[in-house]
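What the coordinates show
Chain by chain, the residues run as shown.
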Amino acid sequence: MEEKEKLAEEIMIAKKSLEELLVVRRPVMEFSEEDDETAPDGDGGSVNDKKQFDSSSMIDAELSKFAKKMPIFEPERMDSKSEEKPLMVNLDLALYKAKILARNYRYEEAEIILQKCIYYWPEDGRPYVALGKNLSKQSKMNEARAVYEKGCQATQGENPYIWQCWAVLENKLGNIRRARELFDAATVADKRHIAAWHGWAVLELKQGNIKKARNLLGKGLKHCGGNEYIYQTLALLDVKAKRYEQARYLFRQATKCNPKSCASWLAWAQLEAQQENIQSARRLFEKAVQASPKNRFAWHVWGVFEANLGNVDLGKKLLKIGHAVNPRDPVLLQSLALLEYKYSTANVARVLFRRASELDPRHQPVWIAWGWMEWKEGNLATARELYQKALSINSTSESAARCLQAWGVLEQRVGNLSAARRLFRSSLNINSQSYVTWMTWASFEDDQGNSVRAEEIRNLYFQQRTEVVDDASWIMGFLDIIDPAIDSIKKLLNIDQNPYYKVKDSSLKISESNVEGEFGSLSSDSNGSGFNLDEFIITKLFLDPSKLDVQLGPSRKVGAKSDSRSQNRNVPILPSL
């Protein structure tokens, strides 16, 4: 009897333990009461036969009854502490939301979202790239660097986008050697990553390594195929080297690769403007705005182009259109302010400068241009304050060098000679390659009767300047990459006749007459091209041409002071030297 009682007790303990530990859920099934009471066993025996079951059979029967009563999937009964990973579509939505927040300068909210994305999807490179860029915009360079480093580790170094963004960051900070290493890592991670090849080439161009840059651009085309950015950069190099026919060919290749590449049309237009092919330039500007109707650079450059030709009203109109579609861009307002100052009144210009400063208080050229205007107006104290504000934002940038040079001219004109010298010297400490600053200082010393010192300054400029000589020998090998039909290209560029590609045969020259063939007649006036500006902005931008001034509107108060120290952005005009 004792053994039976002990066995029954063990059975009850086992049952209780199994009931507590059971985690498998089975579907709820309907059973009749009769089935529960008189269910036959597998051998077809009677109820009386069940009394003869051994202990193991009794356990199975009890567990069977218990399992039948359990519903399928009971979340409240599950004791799981780990969070379930969201679907990938949530990552795309979160990245888009963070992008919108950052665009509206709500960086903290965007950072919270991006950190969650990194937590749930550590192997995806996009959150690291977005977060790093947002931190860079806030001048949090060390934090951005840490994010990129973490991203490279999480992706095991296989994401070229993170390497490339990290390289751009180091380049901005002046860590050229480190930037080269990171660009190299990006191309190793993916040799078809065109942005890495192009970014690395631009770095080398700024360092004066023209041959190295061309080699990198050639590798980019070799591994990635035709790309408008590569062609455009090569074309700009040829413009600088005065190989205009080759530049036009490369611009044409760029626009063929991507007819919607506004930057390529703009660069080509500026080449034609430089060569005084006015009608060609104007048609190319039209192509640029048609390719990207809301592009602020297109409207800005075109507007300045027309203003410089004396078409002031058209220039103002183009700048106002650009502002209407880009209301948060201070560059357009700054250029418009300078036009208003030159052709209207300083008070109108101040309103526009103030608006521009409210849009981007940390943009140095705004303060510099406004300071220049106040100096011209005789408000020296205000001009000095505006220059000081520009330098307080960043005292080591190229904009700071221009600011110091302009301030030096101001002090020179009012007779503060020692201050002027200090300012010129400080400007050259930032940018020793500024021809304007060196010659301004030399002219200043000449005016003071220090002709020996002036000559010393001029000699110093020529001794320390970095002159980059661009070799034309690379073209023969590079053309093999652009197009296997080397003979046809040689004929087009007339390479065999002239090593500098100055085509003598007018039928081969790619000038205004050739551009006409692609874009229609370029010798007619603006109406002859078939492009109607008013109709374009009505149909494409939904703007009323008669209400552009109204859309410019009054200055909004965004916490900026209402005095004359507000700000201005682009600096197309500096003190006359």
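Below, the structure is looked at part by part. Bear in mind the structure is a predicted one, so any value in this text is a computation, not a measurement. (Residues numbered from 1 in each chain as written. Predicted model: local features only at pLDDT ≥ 70, side-chain atom pairs only at ≥ 80, totals over all residues. Heavy atoms only, no water.)

Topic: the overall build of the protein
If you tally the helices and strands in the protein, you get 31 helices and zero strands. Taken over 577 residues, the protein has a buried fraction of 43%. Look at the contacts in the protein between residues 6 or more apart in sequence, and 59% of them connect residues 24 or more apart. Total accessible area on the protein is roughly 32,000 Å²; 50% of this is exposed by carbon and sulfur atoms. (Helix = DSSP H or I, 4+ residues; strand = E, 2+ residues; numbered from the N terminus. Buried < 20%, exposed > 50% of the residue type's maximum accessible area, 1.4 Å probe, protein only. Contact = heavy atoms within 4.5 Å. Areas by Shrake-Rupley, 256 points an atom, 1.4 Å probe, with all protein chains shown as cover.)

Quick look at the pattern of salt bridges
Side-chain pairing between opposite charges can occur once the charged atoms of the two side chains come close. Within the structure shown, the criterion is met by 22 salt bridges. A salt bridge links K316 to E340, with the shortest nitrogen-to-oxygen separation between them at 3.5 Å. On the criterion of sequence distance, the pair formed by K316 in helix α18 (residues 312–325) and E340 in helix α19 (residues 330–343) is long-range, its members being 24 residues apart. Neither K316 nor E340 differs from the other in exposure class; each is buried. One network of salt bridges, in which partners are shared, links D92, D124 and R126. (Salt bridge = Lys/Arg side-chain N within 4 Å of Asp/Glu carboxyl O.)

Topic: the packing of aromatic side chains
Two aromatic rings are characterised by how far apart their centres lie and by the angle between their planes. Enumeration over the complete set of coordinates arrives at 20 aromatic pairs. Centre to centre, the rings of F251 and W268 are 6.3 Å apart; their planes meet at 10°, and the pair counts as stacked. Note that F251 is positioned in helix α14 (residues 244–257) and W268 in helix α15 (residues 262–274), a separation of 17 residues in sequence. For F251, a relative accessible area of 0% translates into the label buried. Overall, the relative accessible area of 0% leaves W268 in the buried class. (Phe/Tyr/Trp six-rings, centres within 6.5 Å; stacked < 30°, edge-to-face > 60°.)

Considerations on the nonpolar core
By size, the foremost hydrophobic cluster in this structure holds 83 residues, and its most contacted members are F251, W299, W302, I321 and I537. If one sorts the elements of this core by residue count, α15 sits on top with seven residues. Setting aside residues no more than four positions away along its own chain, W299 makes contact with V289, P293, K294, L318, L319, I321, G322, V325, L533, F536, I537 and L541. Counting 47 residues, the second largest nonpolar core, distinct from the first, contains L339, A356, W367 and A454. (Core = buried A, V, L, I, M, F, W, Y, C linked by side-chain atoms within 4.5 Å.)

Such coordinate-based values are descriptive only and should not be taken to indicate function.
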